[in-house]
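Listed here are the chains, written in short residue letters.
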Amino acid sequence: MRIGHSRDIHPLVEGRKLVLGGVEIPFEKGERGHSDGDALLHAVCEAIIGALALKDIGTHFPDNDPKYEGISSMVLLEKTYDLMKERGYRLGNLDALIMIEKPKMAPHIDKMRENIANVLHTDLLNVNVKATRGEGLGYIGRGEGVEAECVVLLEKEI
């Protein structure tokens, strides 16, 4: 078994779509980033990459590489899944947290979980996503950014 943890932060800006867990969420701001800026999927990818001791997400998907500009982070998660499978691992479970002041995440969490479970070829019960607000404190509470954390347990395939 191997454990990985990661955290990803993106500023929220006007003129971008808000995408979390592969779900486009109606809102007046979105994440600034080289790809689609999906902080949740970036944290998931990097937690898996970390569990595999393969450095970090930037090593595999550099933010200065034009081929990743505007790319869906669902594609990055698929590529991360391939890295995991090539090394003989499968997801044991995943626990992720989204920190954003607004909009409310509850209506979108089930779809995020489904997206992640489908790409990682695992049972929905192995994927947990939850969300919290900043309660007016810090950059999250002021609505300036979104942060996501993820912990994964990988199991060696038999």
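A brief report on the enclosed structure follows. (Residues numbered from 1 in each chain as written. Predicted model: local features only at pLDDT ≥ 70, side-chain atom pairs only at ≥ 80, totals over all residues. Heavy atoms only, no water.)

1. Description of the pairing of strand β6 (residues 127-132)
What counts here: Between any two strands, at least two bridges found by DSSP are needed for them to pair. The numbering of helices and of strands both runs from the N terminus, where a helix is a DSSP run of H or I of at least 4 residues and a strand a run of E of at least 2. For the handedness criterion, the strands are oriented away from the viewer, and a crossover whose path from the first strand over the helix to the second runs clockwise is classed as right-handed.
Pairing of strand β5 (residues 89-99) with β6, which is carried by six bridges, proceeds in the parallel orientation. For Ala96, the partnering residue across the bridge sits in β6 and is Val129. Between the parallel pair β5 and β6, the chain is carried across by helix α4 (residues 106-119), and the sense of this crossover is right-handed.

2. Remarks on the packing of helix α3 (residues 73-86) against α4
Worth spelling out the cut-off: Each axis is a line fitted through C-alpha atoms, taken for helices only over the stretch in contact, and angles between the N-to-C directions span 0 to 180 degrees. Every residue pair with non-hydrogen atoms within 4.5 Å of one another is taken to be in contact. We call Asp, Glu, Lys and Arg charged. Ala, Val, Leu, Ile, Met, Phe, Trp, Tyr, Cys and Pro are nonpolar, and the rest, Gly among them, are polar.
Interaxial distance between α3 and α4 falls to 9 Å at its minimum, and their mutual angle equals 35°. Across from Met74, Leu77, Glu78 and Tyr81 in α3, the residues of α4 making contact are Asn115, Ile116 and Val119. In the contact of α3 with α4, the residues fall into five nonpolar, one polar and one charged.

3. Quick notes on the layout of surface pockets
To keep it simple, the criterion reads: Each cavity reported here is a set of points on a 1 Å grid over the protein atoms alone in which a 1.4 Å probe fits but cannot get out, each pocket an open set with protein on both sides within 12 Å along at least five of seven lines, and each lining residue one with an atom within 4 Å of a point. Grid points are joined across faces, edges and corners, and a volume is the space filled by probe spheres set on the points.
Considered as a void within the structure, the largest pocket measures approximately 240 Å³ in volume. The wall of the largest pocket is formed by 15 residues, among which Ser35, His42, Ile57, Phe61 and Asp63 lie closest to the centre. When the residues that make up the lining of the largest pocket are grouped by side-chain class, the tally is five nonpolar, seven polar and three charged.

4. Brief notes about the pattern of salt bridges
Inclusion rule: Salt bridges, as used here, are contacts in which a Lys or Arg side-chain nitrogen is within 4 Å of a carboxyl oxygen on Asp or Glu.
For the structure on display, the rule yields nine salt bridges. Between Asp95 and Lys130 there is a salt bridge; the shortest N-O distance is 2.6 Å. Pair noted here: Asp95 is in strand β5 and Lys130 is in strand β6, with a separation of 35 residues, a long-range link. Here the salt bridges share partners, and the residues they tie into one network are Glu101, Arg133 and Glu135.

5. What to know about unusual backbone geometry
Note that the residue after Lys102, namely Pro103, is joined by a cis bond; omega there is 5°. With respect to the helices, strands and loops of the structure, Pro103 is situated in the loop between β5 and α4. Unlike most non-glycine residues, Ala53 shows phi in positive territory, near 60°. Tracing the backbone shows Ala53 in the loop between α1 (39-51) and α2 (57-60).

6. Some remarks on the sheet that holds β6
One open sheet accounts for five strands, arranged β4-β1-β7-β5-β6; its pairing is mixed. Each having just a single partner strand, β4 (29-31) and β6 make up the two edges of the open sheet. On average, each strand axis in the sheet is tilted by 20° relative to the strand beside it, whichever way the strands run. The sheet strands contacting α1 are β1 (2-14), β4, β5, β6 and β7 (145-156), and the helix crosses β1 at an angle near 155°.

7. Let's talk about α3
Quick reminder of the rule: Here the expected span of a helix is defined as 1.5 Å times the quantity of residues minus one. Per-residue accessibility, obtained with a 1.4 Å probe over protein chains only, is compared with the maximum for each type, and a residue is labelled buried under 20%, exposed over 50%, and partly exposed between these values. Note that the arc is defined by the directions from the helix axis to the C-beta atoms. The definition of a polar contact used here is a pair of N or O atoms within 3.5 Å, where within protein one atom must be able to donate a hydrogen and the other to accept one, and adjacent residues in sequence count solely through side-chain atom pairs.
For α3, which comprises 14 residues, the first-to-last C-alpha distance of 20 Å matches the rise-based estimate of 20 Å (1.5 Å per residue) to within 8%. The set of residues buried in α3 consists of Ser73, Met74, Leu76, Leu77, Thr80, Tyr81, Leu83 and Met84. One side of α3 carries all its buried residues, which in axial view fall inside an arc of 160°. Looking at the packing, one finds that the buried side of α3 touches α1, α2, β5, α4 and β7. The opening residue of α3 is Ser72, an N-cap whose side-chain oxygen sits 3.1 Å from the backbone nitrogen of Met74.

8. Let's talk about the packing of aromatic side chains
Heads up, the condition is: Ring geometry is summarised as follows: Phe, Tyr and Trp rings, the Trp one being its six-membered ring, pair when their centres sit within 6.5 Å, and such pairs are stacked at plane angles under 30 degrees, edge-to-face over 60 and tilted between the two.
Under the criterion given, the structure shown has one aromatic pair. Aromatic pair Phe61 and Tyr68: ring centres 5.5 Å apart, planes at 80°, arrangement edge-to-face. With respect to burial, Phe61 and Tyr68 carry one shared label: buried.

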